[in-house]
There are 2 protein chains.
Amino acid sequence: MTAMSKLVSVKQTAEILNKNDKYLILTHSHPDGDTLGSGFGLCSALRSLGKKANVICSDEIPEKFRYLTVEGNEEFEVETVISVDVADQKLLGSLKEKYAESVLLSIDHHATNTGFAENLYLEGDSAAATECVYNVIKELGVKITPFIATCLYTGLATDTGCFKFSNTTPRTHIYAAELMAAGADYNEINRVMFEVKSQARIEMERQVLNGIEYICDGRCAIVTVTQEMIRETGCDSSDMDGIAAMSRTIEGVSIGVTVREKSDGRWKVSLRTFEPYDASAIASDFGGGGHIRAAGCEFGCSLEEVKTQLKAKITEVLEG
Amino acid sequence: MTAMSKLVSVKQTAEILNKNDKYLILTHSHPDGDTLGSGFGLCSALRSLGKKANVICSDEIPEKFRYLTVEGNEEFEVETVISVDVADQKLLGSLKEKYAESVLLSIDHHATNTGFAENLYLEGDSAAATECVYNVIKELGVKITPFIATCLYTGLATDTGCFKFSNTTPRTHIYAAELMAAGADYNEINRVMFEVKSQARIEMERQVLNGIEYICDGRCAIVTVTQEMIRETGCDSSDMDGIAAMSRTIEGVSIGVTVREKSDGRWKVSLRTFEPYDASAIASDFGGGGHIRAAGCEFGCSLEEVKTQLKAKITEVLEG
């Protein structure tokens with residue numbers, strides 16, 4: 001788990017940050033609200049201590065997170081590399097080759113952190129990395145400005161589906177309360193993250209709903225997403241959030257299936273089950289695998305053939 | 001506003017509740033998670049003080065809220081009538097005639113409470129009535145059991161869209177943290193309230209999305225719901241939550257319109273606008289009214305004619 005890293009406390013983390021300067025903060029590829037909120041929040045806090053700091057990411061920052069970047073980057077020669085919300089050096093994307101071996105400090109909430117950094121401040125029971133960053137900023141004695149509060153709240157809200165997912169803890173709510181009181185722009189964040197849908201997304205939902213199939217009296221729902229649908233609607237990856245989960249949110253569904261066409265034409269199947277059904281047992285029948293409630297497999301044949309095979313197997317499981 | 005009621009503090013509210021017995025707790029018609037969570041949570045607390053208490057509602061309690069009713073009702077002769085989350089005696093539905101004149105105490109969070117009860121404990125800045133009830137239960141010195149916590153959390157979550165809406169305050173989050181720590185079954189509540197959709201709802205969304213119309217380059221979206229769609233899908237009122245809001249959550253939409261057929265065949269039009277557009281100005285052109293960002297009007301003509309008139313007016317507003 002943390003083979004190489006030295007595990008450090010929040011106090012030691014603050015000491016490391018106080019002692020060093022000229023920070024480059026690495027976020028993970030395909031950036032989300034938590035890695036970006038952690039990065040830009042910590043960056044702002046370090047600057048308020050008179051340090052130099054910048055945030056980078058291997059991928060472009062999605063439009064909806066641009067409000068986190070308003071403080072901009074500065075010109076200086078990097079002395080200290082740190083990472084936030086990065087569980088594995090592979091997740092640095094194109095930044096991996098240049099920086100993975102020189103990360104002095106990793107701040108993370110993934111219990112699965114591979115320990116690629118020299119020092120690791122890990123809070124595995126935090127819903128979001130911004131919970132850990134908030135601990136660090138408080139330890140540094142930095143005033144929580146409305147901007148820092150906005151950054152940290154973003155991570156809390158986006159990693160918990162707005163305090164809905166099971167990773168939410170009482171502490172997550174207490175931190176949300178503190179950050180709201182400190183001036184986090186929570187109304188606008190919640191509106192943009194959880195209410196607004198692009199026209200492309202709306203059209204994707206329409207096509208997905210038109211193609212939904214139920215078998216075994218609605219105990220299994222099958223959702224299909226083809227490359228043609230992605231092209232036609234113009235959806236990007238952030239528009240696709242939650243589409244794969246649609247089949248298992250339908251009342252009465254015990255086995256939710258999503259069949260997605262990959263760019264190479266193969267079909268990726270995700271299976272989500274409720275008690276007592278074993279998703280991994282179904283997936284392993286088709287050479288896949290996973291966990292008891294979430295598993296997956298791939299097919300190289302036609303969509304029709306994929307569905308025929310899946311339906312036969314699932315009918316056997318539900319009615320056999 | 002509170003013409004007749006005597007406004008009472010949380011301390012006075014607890015005194016009233018300690019002094020009396022044999023409670024009938026009234027909830028509002030078309031019951032939601034807040035009125036039911038308030039009612040059953042307070043009922044359980046009163047019983048733990050050795051009092052008799054029951055909860056009633058003019059309408060059937062929707063299936064998804066049945067977990068709030070597990071403690072059941074008892075047989076006794078009512079001495080004291082109180083209401084929770086009821087802003088106006090009209091909202092008592094069929095219970096109004098029998099009880100509206102004899103409500104000793106109203107616990108509410110609506111600043112618009114009409115003051116129908118003898119005493120009113122009103123916290124107008126609370127996101128949910130369960131925030132007020134929680135204050136009262138703490139003042140009574142009752143231990144917050146997991147069941148009471150589940151009731152009160154239900155109100156917080158459902159009235160705030162899971163801490164997403166602008167009525168959410170730091171206190172809402174602090175109370176959520178306390179209730180989670182007291183054993184609220186928040187995972188299951190959040191799953192049932194915010195994740196599961198009935199097949200009828202899924203089919204309604206499909207039909208709504210198939211019928212959505214954009215005008216003025218997507219700056220206005222029009223959603224239509226007919227009685228035939230309601231019949232065909234089998235949706236009940238709880239399945240319809242949020243359907244009317246769909247048009248205004250689409251990116252780029254400045255004017256969101258929902259046209260709903262009433263059971264008498266007339267068309268009810270809801271208008272939601274973003275700055276700088278005035279919904280009430282549009283509605284008043286058709287004999288309706290409302291607020292600057294939310295207004296409505298009615299039509300007696302054909303759906304086609306309704307849309308023609310609306311489109312002409314909205315195009316004038318957006319492009320004129």
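Look up: the structure comes first, before these words.
Bear in mind the structure is a predicted one, so any value in this text is a computation, not a measurement.

A.B. asks: Explanation requested: the side chain of Thr13(A) in the structure shown.
C.D. replies: Residues and elements named next belong to chain A. On the secondary structure map, Thr13 appears in helix α1 (residues 10-19). Since its relative accessible area comes to 0%, Thr13 is described here as buried. The contacts of Thr13, once residues within four sequence positions are left out, are Val8, Leu105, Ile107, Tyr121 and Val136.

A.B. asks: Before we go on, may I ask you to explain the interface of chain A and chain B in this structure?
C.D. replies: Frequently, the measure chosen for interface size is the accessible area that the parts lose on association. Residue-level contacts link 37 residues of chain A with 37 residues of chain B. Roughly 3300 Å² of surface becomes buried between chain A and chain B when both sides are summed, with 60% attributable to carbon and sulfur atoms. The interface formed by chain A and chain B includes 0 salt bridges. Where chain A touches chain B, the interface holds 10 residue pairs in polar contact (both at pLDDT 80 or more). Taken together, the elements giving at least two residues each to the side of chain A that touches chain B come down to α6 (170-181), α7 (186-194) and α8 (199-211) of chain A. Examining the composition of the side of chain A that touches chain B, we find that 7 residues originate from one element, α6(A), more than from any other.

A.B. asks: Help me out: how do you make sense of the packing of helix α4 (residues 129-140) of chain B against helix α5 (residues 146-159) of chain B in this one?
C.D. replies: Describing two packed helices takes the angle between their axes plus the distance from one axis to the other. Residue and element names in this part refer to chain B. One can describe the packing of α4 onto α5 by two numbers: an axis separation of 8 Å at closest approach and a directional angle of 150 degrees. Judged by the angle between their axes, α4 and α5 are roughly antiparallel. Residues Thr130, Glu131, Val133, Tyr134 and Ile137 of α4 form the contact with α5, whose own contacting residues are Ile148, Cys151, Leu152, Gly155 and Leu156. Tallied by class, the residues present in the contact of α4 with α5 amount to 7 nonpolar, 2 polar and 1 charged.

A.B. asks: Would you mind showing me how to read the nonpolar core here?
C.D. replies: A general tendency of soluble globular proteins is for nonpolar side chains to be buried together. Residues Leu42(A), Tyr153(A), Leu42(B) and Tyr153(B) are the most contacted members of the largest nonpolar core, which totals 99 residues. Once you skip the residues sitting within four places of it in the chain, Leu42(A) turns out to touch Leu17(A), Ile25(A), Ile82(A), Val84(A), Ile107(A), Val133(A) and Ile137(A). With 32 residues, the next largest nonpolar core counts Val253(A), Ile212(B), Ala221(B) and Met240(B) among its residues.

A.B. asks: Hey, could you run me through the packing of aromatic side chains in this one?
C.D. replies: For any pair of aromatic rings, the description rests on two quantities: the centre-to-centre distance and the angle between the ring planes. All names here are of chain A. The tally for this structure, following the rule as stated, stands at 9 aromatic pairs over all chains. Ring centres of Tyr153 and Tyr186 lie 6.4 Å apart, and the angle between their planes is 55 degrees; on these two criteria the pair is classed as tilted. Linking Tyr153 in helix α5 (residues 146-159) with Tyr186 in helix α7, this pair joins segments that are 33 residues apart in sequence. When sorted by exposure, Tyr153 lands in the same class as Tyr186, which is buried.

A.B. asks: Looking at this structure, how should I read the relation of the copies chain A and chain B?
C.D. replies: Here the second copy of the chain follows from the first by a rotation about an axis and a shift along it. For these two chains of identical sequence, chain A goes onto chain B by a turn of 180 degrees and a shift of 0.1 Å along the axis, with RMSD 0.2 Å. Seen this way, the second copy is the image of the first under a two-fold rotation axis. Comparing contact sets, 100% of the residues at the interface of chain A also lie at the interface in chain B, consistent with an isologous, same-surface contact.

A.B. asks: Looking at this structure, I do not really get the packing of α6(A) against helix α6 (residues 170-181) of chain B. What am I missing?
C.D. replies: Between α6(A) and α6(B), the shortest axis-to-axis distance is 8 Å and the interhelical angle comes to 170 degrees. If you check the angle between α6(A) and α6(B), you find them roughly antiparallel. For α6(A) against α6(B), the interelement crossing comes out left-handed. Here Pro170(A), His173(A), Ile174(A), Ala176(A), Ala177(A), Met180(A) and Ala181(A) of α6(A) lie close against α6(B), whose contacting residues are Pro170(B), His173(B), Ile174(B), Ala176(B), Ala177(B), Met180(B) and Ala181(B). Tallied by class, the residues present in the contact of α6(A) with α6(B) amount to 12 nonpolar, 2 polar and no charged.

What counts and what doesn't
- Residues numbered from 1 in each chain as written.
- Chains lettered and ligands numbered in written order.
- Predicted model: local features only at pLDDT ≥ 70, side-chain atom pairs only at ≥ 80, totals over all residues.
- Heavy atoms only, no water.
- Helix = DSSP H or I, 4+ residues; strand = E, 2+ residues; numbered from the N terminus.
- Buried < 20%, exposed > 50% of the residue type's maximum accessible area, 1.4 Å probe, protein only.
- Contact = heavy atoms within 4.5 Å.
- Buried area = accessible area lost by both parts, 1.4 Å probe.
- Salt bridge = Lys/Arg side-chain N within 4 Å of Asp/Glu carboxyl O.
- Polar contact = N/O pair within 3.5 Å; in protein donor to acceptor, adjacent residues only side chain to side chain.
- Axes fitted to C-alpha atoms, helices over the stretch in contact; angles between N-to-C directions.
- Parallel < 35°, antiparallel > 145°, perpendicular 65-115°, else oblique.
- Nonpolar A, V, L, I, M, F, W, Y, C, P; charged D, E, K, R; others polar.
- Core = buried A, V, L, I, M, F, W, Y, C linked by side-chain atoms within 4.5 Å.
- Phe/Tyr/Trp six-rings, centres within 6.5 Å; stacked < 30°, edge-to-face > 60°.
- Least-squares fit on C-alpha atoms with pLDDT ≥ 70 in both.
- Left-handed = near helix turned anticlockwise from the far one by under 90°.

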